[in-house]
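Summary of the model geometry
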Amino acid sequence: MIRMKEVLRTIDRLKRCLRKSDNMRAVIIPHISADGDAVGACSAFSMALENNGIKASIITCDFFPEYLKWLKNANKAVSLQDRSEQCKKLIAEADIIFMLDHNTILREGDLQPLLRDYKGLKVIIDHHPEPEEVDFIISNTRVSSTCELLYTVISRIWGDEAITPDMANALYTGINTDTGGLSHNSSHPETYRVVADLLDRGLNKQYVHENLYQHNRLSRLRLIGNALLNKLTIHPDYPLALIPITGQELEKYDFKEGDLEGLVNIPLSIEKVLVSIQITQRKERVKLSFRSKGNIPINLWAKEYFNGGGHLNAAGGQSTEPLEQVVQKINETAAWFFDQCKCHSSKRSASAQSTEN
Ligand SMILES: [Mn+2]
C-alpha cells in the first residue's frame, strides 16, 4: 500500500510535467519481442497522449507480432530494423521517453545505445522488480500487468473519461494476456475493479477475445502440436519440462511472430512438473522462456545463467550459443537451481544425469 502511494505521487509529478510544456513530443518504447501487455500498453498510451495534445510515436527494436496488429496504433510503430534513421530522429527530438512493460534499457535490444545517449526525460511504467534509475519510476510488482497500472496512470492524469473504448480494449488485452486469461498473477481485487471500470468505459470483451484467441492458423497449431508430441521432455531427476525448438522447425511450420505464445505454460498442467522452459532458436540468438509454479523463483535461474530475469513465476533469457549447448547448460545447472529452491524430486546428483535432449 505504501508503495502504491509512492506510485501515485510519481504519477502526479508526471501530470504536472506533461501539463507544463506545449507541443511536447513523446516516444513510447516496449520491450524486445513485445507481448500482449507491451503492445496493449503502447496502443492505449499512444492514444491517451495524442488525445491530450502530445505527439506520440511508438518505436520498437524489432516488430510487433501479427496477432496483436489489430490493436489501434500498433501498425504505426516504427521499427529500428527497417526505419533506423526515422527512429534516431524521433528519439533525438523527443522531450520525453516512456519505457513500457520493462524495467531497464537492457530489454530494448539494439535501441540500447540510442537510449543510453538520450538526455531528455525518461519514464518507466512497469510491473517488473528492480526498475533502473530514471526520472519517473511508475512501477508496482503487485499489479497483474503494465496495462492495469496504465489504467491508473491515464485516469489519474486525464480523468476516467479519457479512456475510450479502443483504449479499454488495448488495456484489457494486456491484463488478459499477462495473466493467462486471469488464471495467474491475478488474485488482487484491484485487477477486477480495473476490468469492471474498463467495461464501463466501453471495453468490448468479445471483440478482444475473438482477436486474441480465434485467429489461429493451421500451421501454428501444427507447430505447437509437433512441439508437444515430439519435442517436450521431462527431466528424469527434476520436476522440469523442456521444449527445445529449432530454426528448421520454425521454418517448416511457417512460424510467425507470436505463434509460440503460451506454449511454455502447457507443461505446467502436468501435476509433477514445477518448472517449464522453452528454448527457441531465433536467427542469431536462442530465446529462453521460463515458467514455474508456486513460490519457485524461476527468475533466479534466468538471471544467473541465461542473461535474463523477470518475475517469480515467469522469466526470459537469451544466449548466443547454439541450441544444443543451451539445453546442455540447463541440464548442467538444474542441480544448482533445484538445490537453491529445495524442490528437487530426487536425491540423485547432477553428475548422475544422463539426459541429452
Ligand atoms: Mn507485462
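Calculation rules
- Residues numbered from 1 in each chain as written.
- Predicted model: local features only at pLDDT ≥ 70, side-chain atom pairs only at ≥ 80, totals over all residues.
- Heavy atoms only, no water.
- pLDDT = per-residue confidence, 0-100.
- Contact = heavy atoms within 4.5 Å.
- Salt bridge = Lys/Arg side-chain N within 4 Å of Asp/Glu carboxyl O.
- Buried < 20%, exposed > 50% of the residue type's maximum accessible area, 1.4 Å probe, protein only.
- Helix = DSSP H or I, 4+ residues; strand = E, 2+ residues; numbered from the N terminus.
- Arc of directions from axis to C-beta.
- Pairing = 2+ DSSP bridges.
- Axes fitted to C-alpha atoms, helices over the stretch in contact; angles between N-to-C directions.
- Phe/Tyr/Trp six-rings, centres within 6.5 Å; stacked < 30°, edge-to-face > 60°.
- Donors = N, O, S within 2.8 Å, 3.2 Å for Na, K, Ca; no water.
- Core = buried A, V, L, I, M, F, W, Y, C linked by side-chain atoms within 4.5 Å.
- Parallel < 35°, antiparallel > 145°, perpendicular 65-115°, else oblique.
- Left-handed = near helix turned anticlockwise from the far one by under 90°.
- Nonpolar A, V, L, I, M, F, W, Y, C, P; charged D, E, K, R; others polar.

A look at the confidence of the model for the protein
Detailed reading of the predicted coordinates is not advisable wherever pLDDT is low. On average, the protein scores 93 in pLDDT, and the residues at 70 or more come to 95%. Across residues 344–357, where pLDDT falls below 50, the model places 24 contacts with residues more than four positions away in sequence or in other chains.

Quick notes on the pattern of salt bridges
Overall, the coordinates contain 11 salt bridges when judged by the stated rule. One salt bridge connects glutamate 66 with lysine 69, and the closest N-O pair in it is separated by 3.1 Å. Under the relative-accessibility criterion, lysine 69 is labelled partly exposed at 34%. A salt bridge links arginine 217 to aspartate 259; the shortest N-O distance between them is 2.6 Å. Residue arginine 217 is found in the loop between α8 (205–213) and α9 (218–231), and its partner aspartate 259 is found in the loop between α10 (247–252) and β9 (275–282); the two are separated by 42 residues along the sequence. A residue is classified by how much of its surface remains accessible, and arginine 217, at 28% relative accessible area, is partly exposed. Residues participating in the shared-partner salt-bridge network are Arg217, Asp254, Lys256 and Asp259.

Section: helix α3 (residues 84–93)
Restricting attention to buried positions, one finds in α3 the residues Cys87, Leu90 and Ile91. For α3, the arc enclosing every buried residue in end-on projection is 95 degrees, short of the 170-degree limit, so these residues lie on one face. Away from the buried face of α3 by more than 90 degrees, exposed residues Glu85, Lys89 and Ala92 are located. Against β1 (25–29), β2 (55–60), β3 (78–79), β4 (96–100) and α4 (112–117) lie the buried residues of α3.

So, the sheet that holds β3
Spatial ordering of the open sheet is given by β3-β2-β1-β4-β5-β6, a layout of six strands whose pairing is parallel. Either end of the sheet is taken by a strand with one partner, and the two such strands are β3 and β6 (136–139). Where β4 meets strand β5 (residues 121–126), five bridges bridge the pair, whose relative direction is parallel. Across the sheet, phenylalanine 98 pairs through a bridge with valine 123, a residue of β5. Lying over the sheet, helix α5 (residues 146–158) contacts β5 and β6, oriented at roughly 120 degrees with respect to β5.

Some details on the packing of aromatic side chains
Counting across every chain of the model gives 12 aromatic pairs. Seen in terms of ring centroids, phenylalanine 45 and tryptophan 158 are 6.3 Å apart; in terms of plane orientation they differ by 45 degrees. Their pairing is tilted. Placement of the pair is phenylalanine 45 in helix α2 (residues 36–51) and tryptophan 158 in helix α5, with a sequence separation of 113 residues. The same class applies to phenylalanine 45 and to tryptophan 158, which are both buried.

Describing the coordination of the manganese ion
At 2.2 to 2.4 Å from the manganese ion lie its protein donor atoms, namely Asp37 (OD), Asp101 (OD), His127 (NE2) and Asp178 (OD). Taken in sequence order, the residues that donate to the manganese ion follow the motif D-x63-D-x25-H-x50-D. Of the two residues, aspartate 101 is situated in the loop between β4 and α4 and histidine 127 in the loop between β5 and β6; the sequence distance between them amounts to 26 residues. Note on aspartate 101: relative accessible area 2%, which makes it buried. Judged by relative accessible area, which is 1%, histidine 127 ranks as buried.

So, unusual backbone geometry
Located in the positive-phi region is serine 33, a residue other than glycine, with phi close to 50 degrees. Structurally, serine 33 can be placed in the loop between β1 and α2. Accessibility expressed as a relative area gives 25% for serine 33, which makes it partly exposed. Even without glycine at this site, asparagine 185 takes up a positive phi of about 50 degrees.

Observations regarding the environment of isoleucine 175
Take isoleucine 175: it is sitting in helix α6 (residues 165–178). Each residue touching isoleucine 175, except ones within four places of it in the same chain, is listed here: Ser144, Ser145, Cys147, Glu148, Leu182, Thr191, Val194, Val195 and Leu198.

As for the nonpolar core
By size, the foremost hydrophobic cluster in this structure holds 58 residues, and its most contacted members are Phe45, Phe98, Ile125, Trp158 and Leu198. Ranked by residue count, the leading element in this core is α2, at nine residues. The contacts of phenylalanine 45, once residues within four sequence positions are left out, are Ile28, Phe98, Leu100, Ile125, Leu150, Val153, Ile154 and Trp158. Counting residues in each nonpolar core, the second largest holds 24 residues, with Ile279, Val286, Leu288 and Ala335 among its members.

Let's talk about the packing of α2 against α6
The geometry of α2 relative to α6 is characterised by a closest axis approach of 7 Å and an angle of 160 degrees between their N-to-C directions. By the angle between their directions, the pair α2 and α6 is classed as roughly antiparallel. Between α2 and α6 lies a crossing whose hand is left-handed. Touching Gly36, Asp37, Gly40, Ser43, Ala44, Met47, Ala48 and Asn51 of α2 are Asp166, Met167, Ala170, Leu171, Thr173, Gly174, Thr177 and Asp178, all from α6. When grouped by side-chain class, the residues that make up the contact of α2 with α6 number six nonpolar, seven polar and three charged.

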